[in-house]
Structures are given as structure tokens and as C-alpha cells.
Amino acid sequence: MVAATPIGARVATPKLTDVELYAWIAQAEAGARIEYHRGFLGIDVTPVISTLPEPERRQLADLGQAALGAFEKGLVHLVQERVGPDRFAYIAVARPRPRAANASLSALLLEERAA
């Protein structure tokens, strides 16, 4: 039997930055998937209850905002898969590229970062 991981428990996972997510989106083919966080994102980014050190919490919050911005621009689907009690895999799935884009994908993503 696998022991449950408590909410907010630190679990070693590869770190992905918002810039790395943008780079992945820029080269990903439709249907490609990337896990950008594993845990409970809403708790992990909240200052009062997150157990992450402040720099990691801010980096994760930026990553979550980057994923949301890419979703709002129609570049990815965002999916959650439950991996255990109070633990989820947060996944971005690349969407087909828009045929008629007013700006390059890089410019679109950088615009999101600057906002």
C-alpha cells in the first residue's frame, strides 16, 4: 500500500520555469503534453499556506500564470490528473497552431510575460 502524501508536503519534482514552458509551447506539436506541476497548485502558490520557500512559490505562481495565459490565447489545453489524495499532475496539451496569426508565437508569448 502506498502512503498518502499530505497536502503541502514537499515532493522532489523537476522544476519548470515560465520561460521553459513558453519555449516548449513554441516548438510543441499538437497533442504533445508536458507536466508543469505536481501537487496542489492552489495551495502551493498561496503565500500563507504554501510550504515552498518564497522564491520557489513565486516561480511556481509565475508558471501557473504562464500556463493560464497560454490557455487563454488558445495555445494549450490545461488538464489535471489526480495522482493521489490532494495531489494532481497539472498538464499542458499543445493545441494546433492558429492558421492566421497576427503576431508570431514568440511575440504572443512574450506579450503574456510582459503583462
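Presented here is a report on the structure given in the accompanying data block. Computed from a predicted structure; not experimentally measured.

1. Looking at the pairing of strand β2 (residues 76-84)
- As paired elements, β2 and strand β3 (residues 87-94) share eight bridges and run antiparallel to each other. When the sheet's bridge partners are listed, H77 is paired in β3 with V93.

2. A closer look at the packing of helix α1 (residues 18-27) against helix α3 (residues 54-72)
- It is the contact of α1 with α3, at a shortest axis distance of 8 Å, that shows an interaxial angle of 25°. One finds that α1 runs roughly parallel with respect to α3. Counting all contacts with α1, which are made through D18, L21, Y22 and I25, the residues of α3 involved are D62, L63, A66, A67 and A70.
- For the contact of α1 with α3, the per-class residue count stands at seven nonpolar, no polar and two charged.

3. Quick notes on the packing of aromatic side chains
- The final tally for this structure, using the stated rule, is three aromatic pairs.
- Considering the side-chain rings of F40 and F88, the 5.6 Å spacing of their centres and the 85° angle between planes classify their relative orientation as edge-to-face. Taken together, the positions of F40 in the loop between β1 (33-39) and α2 (41-44) and F88 in strand β3 put the pair 48 residues apart, joining distant regions of the chain.
- Through successive ring pairs, a cluster of aromatic residues spans Y36, F40, F88 and Y90.

4. Structural notes on α3
- In this model α3 runs 27 Å from its N-terminal to its C-terminal C-alpha over 19 residues, within 8% of the 27 Å that 1.5 Å per residue would give.
- Those residues of α3 not exposed but buried are R57, L60, L63, G64, A66, A67, G69 and A70.
- Just beyond α3, the residue with positive phi is G74, at close to 75°.

Basis of the calculations
Residues numbered from 1 in each chain as written. Predicted model: local features only at pLDDT ≥ 70, side-chain atom pairs only at ≥ 80, totals over all residues. Heavy atoms only, no water. Pairing = 2+ DSSP bridges. Helix = DSSP H or I, 4+ residues; strand = E, 2+ residues; numbered from the N terminus. Axes fitted to C-alpha atoms, helices over the stretch in contact; angles between N-to-C directions. Parallel < 35°, antiparallel > 145°, perpendicular 65-115°, else oblique. Contact = heavy atoms within 4.5 Å. Nonpolar A, V, L, I, M, F, W, Y, C, P; charged D, E, K, R; others polar. Phe/Tyr/Trp six-rings, centres within 6.5 Å; stacked < 30°, edge-to-face > 60°. Expected span 1.5 Å × (residues − 1). Buried < 20%, exposed > 50% of the residue type's maximum accessible area, 1.4 Å probe, protein only.

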